[in-house]
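Structural overview for review
Now for the letters of each chain:
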Amino acid sequence: MEIVWTNIIFSIAAFLILYILLSKFAFSKLFAVMETRRELVMQQLDEAAKTREQAVAYVEEQKQALNNARQEAQSIIQQSQITSNQQVDRLLEQAKVEASRVKAEAVRDIENEKNKAVEELRSEIGTASVRIASKLLNKEVQASGEQEQLVDQYLKEVGGRS
Amino acid sequence: MHAMPKIMLGSIPIDLSAVLMLIISCTVVFVLVMLSVRNLSVENPSKLQNFMEWVVEFVQGVISSAMDLKKGKPYISLGLTLILFIFVSNLLGLPFSVVTEAHEPVTVFGHVIEATRNLSHGDHVELLWYKSPTADINVTAGLAIIVFVLMNYLGIKLNGKHYFKHYVEPFPIFLPLNIIENLAKPIALAIRLYANIFAGEVLITVILKLGILSIPFLAVWQGFSIFVGALQAFIFTILTMVYIAQMTIHEEDAH
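Residues numbered from 1 in each chain as written. Chains lettered and ligands numbered in written order. Predicted model: local features only at pLDDT ≥ 70, side-chain atom pairs only at ≥ 80, totals over all residues. Heavy atoms only, no water.

1. What about helix α2 (residues 47–66) of chain B?
Look at α2 of chain B: 29 Å from first C-alpha to last across 20 residues, which is about the 28 Å you get at 1.5 Å a residue. When α2 of chain B is considered as a whole, its buried residues turn out to be Q49, M52, E53, V55, V56, V59, V62 and I63 of chain B. Looking at the buried positions of α2 of chain B, the neighbouring elements they touch are α1 (5–137) of chain A together with α1 (16–36), α3 (69–72), α4 (76–92) and α8 (214–248) of chain B. (Helix = DSSP H or I, 4+ residues; strand = E, 2+ residues; numbered from the N terminus. Expected span 1.5 Å × (residues − 1). Buried < 20%, exposed > 50% of the residue type's maximum accessible area, 1.4 Å probe, protein only. Contact = heavy atoms within 4.5 Å.)

In structure tokens:
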């Protein structure tokens, strides 16, 4: 360890020259770039935050729209159910009415047929019984309207009783 | 012990080894930094630029631990130069050193190296040419003097009358104590750095005397010396910042 005063001077000078050169040619540029990057990052972070906010809002909007669509679909389904139920009821009612109408008609037809058949039978039997009677009595009975009326009356009584 | 290759230019002594090592050290730092800022890019920094930015951020951290970073901004360049210069200087002497053995007076540039001037026949002197510049107390003293001058200048400039008032606080009788305290700072800085690095190099020389056995010890010690070199550069820088902060920032609550 030996103190050499010029060494001290040289080292001071060397350090100062190094400091001046570096801060002039290197560090100022480096700091500027770092500052630019910092700003860039800040800006990008800001942008990202903004984009995220937008995305959240958009998703919310979509959710709302989806909900609306779902509700609408629900209401449409309900509506159609109601409508179809009503239709079914109406058709059923119609069918019932139709069926009862048909049934009533058929009943009337049957009654008519029956009446007609009874009428026919009655006239048939009247004629036959007159023929039988005339044969039994060996007497020609004129098939007059009066006699026939008589027999008819009788038969009607019988038929009414039966 | 190795001798200093010192020549006399008239009455001015010049230590060729220190001059050589300062030039090498400054060149290495300068080339390293210039390479790292060669293709500066905001979005796609090179590896070296990333490294240099990491160093900048490290120094910013050091400064912000001593003072408000807003006030400390002008000192970032200083801290960077200090830490890089000292770190590189500490490491330069680790891989090897260059020693020449002189048996008779050696002349360089027409001047006789002082240590070899009075060599009698049969004697020899070992001249140490290549070493860590920080293993020389003169270099560390130079750095410490820069810090000392800077901190007092900044104290007077930025702190005004509080700087002088500080010398007579808490009582005027503390004046000599405060002056000693102030003077002790650069001395401690210089000696701490010098002693750590010098001791490291001495120990390397001692270990080398073991011959082939020295390899594992040397590996361990060199690794540790890298750590010590980084640590001392860090300590020098942070102490510089702490001293500047002490001198320049007047705390209102303290009075």
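Read on, since the account is not over.
2. Notes on the interface of chain A and chain B
It is common to report an interface's size as the accessible area lost on association of the parts. With 30 residues of chain A in contact, the opposing surface of chain B contributes 44 residues. Between chain A and chain B the total buried area reaches about 3300 Å² when both faces are included, carbon and sulfur atoms providing 78% of it. Taken together, the links from chain A to chain B amount to one salt bridge. Two residues, R37 of chain A and E53 of chain B, come together in a salt bridge whose shortest N-O distance is 2.6 Å. On inspection of chain A and its partner chain B, the count reaches six residue pairs in polar contact (both at pLDDT 80 or more). Considered class by class, the residues forming the side of chain A that touches chain B number 22 nonpolar, five polar and three charged. (Buried area = accessible area lost by both parts, 1.4 Å probe. Salt bridge = Lys/Arg side-chain N within 4 Å of Asp/Glu carboxyl O. Polar contact = N/O pair within 3.5 Å; in protein donor to acceptor, adjacent residues only side chain to side chain. Nonpolar A, V, L, I, M, F, W, Y, C, P; charged D, E, K, R; others polar.)

3. Digging into the side chain of N159 of chain B
All names here are of chain B. Inspection of the secondary structure puts N159 in helix α5 (residues 137–159). Overall, the relative accessible area of 11% leaves N159 in the buried class. Polar contacts involving the side chain of N159 include one to the main-chain carbonyl oxygen of M247, which spans 2.8 Å. Beyond its immediate sequence surroundings of up to four residues, N159 is in contact with L154, M247, T248, I249 and H250.

4. Some thoughts on the UniProt feature "transmembrane region" (unreviewed entry) in chain B
All names here are of chain B. Residues annotated by UniProt as "transmembrane region" (unreviewed entry) correspond here to residues 12–37, 75–96, 137–156, 193–218 and 224–245. The span residues 12–37 shows a helical share of 81% and a strand share of 15%, and its end C-alpha atoms are spaced 39 Å apart. Between the first and last C-alpha atoms of residues 193–218 the distance is 21 Å; the span itself is 81% helix and 0% strand. (UniProt positions renumbered as here; feature names shortened; annotations may be inferred.)

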